[in-house]
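Chain by chain, the residues run as shown.
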Amino acid sequence: MVLATARALGEAIMLSMVSDRSGLLPNPLDGLTFFFEPTRPLAATIVDNAEGLSVEPFGQTIYAFAAVLLVSSAFLSFAGWAASNR
């Protein structure tokens, strides 16, 4: 569990450094360039905004991002397990 936590933290820090704090919101009305606009991954957003956890609505948003990451990671792990045990 400690190694998994350390790995997740390391990947989040790496994503934070690579994404270069570009927190742009892509506009779907831009057409095909919508898929190529830079965005920030959820893990990098959590790391970059960890100091704002004490602010009431902002902290709840960060915890919601973490819940989305946890559920999607659990779903992908379960789907991989189910695919390998067919």
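Residues numbered from 1 in each chain as written. Predicted model: local features only at pLDDT ≥ 70, side-chain atom pairs only at ≥ 80, totals over all residues. Heavy atoms only, no water.

1. So, the overall build of the chain
Here comes step 1: On a plain count of helices and strands, the chain comes out with three helices and zero strands.
Here comes step 2: Looking at the chain as a whole, 15% of its 86 residues qualify as buried.
Here comes step 3: Counting contacts in the chain only where the partners sit at least 6 residues apart, residues at least 24 apart contribute 31% of the total.
Here comes step 4: Carbon together with sulfur atoms contributes 71% to the accessible area of the chain, which is approximately 6900 Å² in total. (Helix = DSSP H or I, 4+ residues; strand = E, 2+ residues; numbered from the N terminus. Buried < 20%, exposed > 50% of the residue type's maximum accessible area, 1.4 Å probe, protein only. Contact = heavy atoms within 4.5 Å. Areas by Shrake-Rupley, 256 points an atom, 1.4 Å probe, with all protein chains shown as cover.)

2. Let's talk about the environment of Phe58
Here comes step 1: Within the secondary structure layout, Phe58 lies in helix H3 (residues 56–84).
Here comes step 2: For Phe58, a relative accessible area of 33% corresponds to the partly exposed category.
Here comes step 3: Excluding anything up to four places from it in sequence, Phe58 contacts Asn49 and Gly52.

3. Remarks on a nonpolar patch on the surface
Here comes step 1: Residues Leu32, Phe35 and Phe36 make up a contiguous nonpolar surface patch of roughly 450 Å² in combined accessible area.
Here comes step 2: With respect to the secondary-structure elements, Leu32 resides in the loop between helix H1 (2–19) and helix H2 (42–48). (Patch = residues over 30% accessible without salt bridge, like charges linked within 9 Å, V, L, I, M, F, W, Y side chains within 5 Å. Salt bridge = Lys/Arg side-chain N within 4 Å of Asp/Glu carboxyl O.)

4. What to know about the confidence of the model for the chain
Here comes step 1: For the chain, the average pLDDT comes to 78, and 85% of its residues sit at 70 or higher.
Here comes step 2: When pLDDT is averaged over each helix and strand of the chain, the minimum, 70, is found for H1 and the maximum, 85, for H3. (pLDDT = per-residue confidence, 0-100.)

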